[in-house]
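As a plain string of letters, each chain reads:
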Amino acid sequence: MTTTSTPSSPPQTIGADLIDTLVGLDPASALYATRHARHKVVNATQASQVLFFSSHTDSLPRHERLLIALYASLLSRSHAMATYYRQELADSDAATVVSDAVEADTVDWLPASRIKAMLVFTRTLITRPIDGDKAALTTLREAGVSTPDIVTLAQLVAYLSYQIRVVAGLSAMKALESA
């Protein structure tokens, strides 16, 4: 992502970021201008997207992050995000029995495993965040998820929750703008 600035204007993001793309924001629209008035937020959000879904990480494998993102999107009923993460997962050639369970919301039926524990934790944080307590963390540790990966998982789910809300809010505002 590249930014530009002149002495009389704030930096502007060049090119559409993921949220702009998912919402279908037109750079000529008032809603786009409103969102991009806080260029630091737009840039930081896109930088987080790149960070969490980069192939170059020592943390959770990308296909696991994509499964988590798809599941969070489905649980939150974010159609646009679910479509995006479903395609990213398909493009990664990681479609598995686990992705089928995510799509059907039957992760509880998966055999005990690290990914099952992470998906159950994702569901907890998305649907009942108050239950993301010490017992939930212990379950992750017992399933073989390392402390650094638990931290990354919690940060990823927090980011996805934020992303889901931004997309939902902008989509609602766009619908009102069109009405």
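Residues numbered from 1 in each chain as written. Predicted model: local features only at pLDDT ≥ 70, side-chain atom pairs only at ≥ 80, totals over all residues. Heavy atoms only, no water.

For the rest of this paragraph, the subject is helix 3 (residues 39-53). Residues separated by three or four positions in an α-helix point in the same direction, a consequence of the helix having 3.6 residues per turn. Compared with an ideal rise of 1.5 Å per residue, which puts 15 residues at 21 Å, helix 3 spans 21 Å between its outermost C-alpha atoms and is within 8% of the ideal. Residues of helix 3 that are buried: His39, Val42, Asn43, Thr45, Gln46, Gln49, Phe52 and Phe53. (Helix = DSSP H or I, 4+ residues; strand = E, 2+ residues; numbered from the N terminus. Expected span 1.5 Å × (residues − 1). Buried < 20%, exposed > 50% of the residue type's maximum accessible area, 1.4 Å probe, protein only.)

Another point: the packing of aromatic side chains. Per the stated rule, a full pass over the model turns up 4 aromatic pairs. Arranged with centres 5.2 Å apart and planes meeting at 40°, the rings of Phe53 and Tyr85 form a pair that is tilted. Here Phe53 is found in helix 3, whereas its partner Tyr85 is found in helix 5 (residues 79-91), with 32 residues between them in sequence. According to the relative accessible area criterion, Tyr85 is buried, its value standing at 0%. An angle of 75° between the planes, with centres 5.0 Å apart, marks the rings of Tyr84 and Tyr85 as edge-to-face. Through a chain of ring-to-ring contacts, three or more aromatic side chains come together here, namely Phe52, Tyr159 and Tyr162. (Phe/Tyr/Trp six-rings, centres within 6.5 Å; stacked < 30°, edge-to-face > 60°.)

This next bit is on the pattern of salt bridges. In the structure shown here, the tally under the stated rule is 8 salt bridges. With a closest N to O distance of 3.1 Å, Arg35 and Asp17 form a salt bridge. Of this pair, Arg35 sits in helix 2 (residues 30-36) while Asp17 sits in the loop between strand 2 (9-14) and helix 1 (18-23); the two residues are 18 residues apart in sequence, bridging distant segments of the chain. For Arg35, a relative accessible area of 11% puts it in the buried group. Several salt bridges share partner residues, and in doing so they unite Asp17, Asp20 and Arg35 into one network. (Salt bridge = Lys/Arg side-chain N within 4 Å of Asp/Glu carboxyl O.)

Phe53, Ile68, Tyr85, Leu119 and Leu160 are the most contacted members of the largest nonpolar core, which has 47 residues in total. A per-element tally of this core places helix 9 (residues 147-178) first, with 10 residues. (Core = buried A, V, L, I, M, F, W, Y, C linked by side-chain atoms within 4.5 Å.)

Here we come to the side chain of Glu64. Tracing the backbone shows Glu64 in helix 4 (residues 62-75). For Glu64, a relative accessible area of 10% gives the class buried.

Bringing the confidence of the model for the chain into the picture now. Confidence along the chain averages 88 in pLDDT terms, with 91% of residues attaining 70 or more. Contacts for the low-pLDDT stretch residues 1-15, under 50 throughout, to residues beyond four places or in other chains number 22 contacts. (pLDDT = per-residue confidence, 0-100. Contact = heavy atoms within 4.5 Å.)

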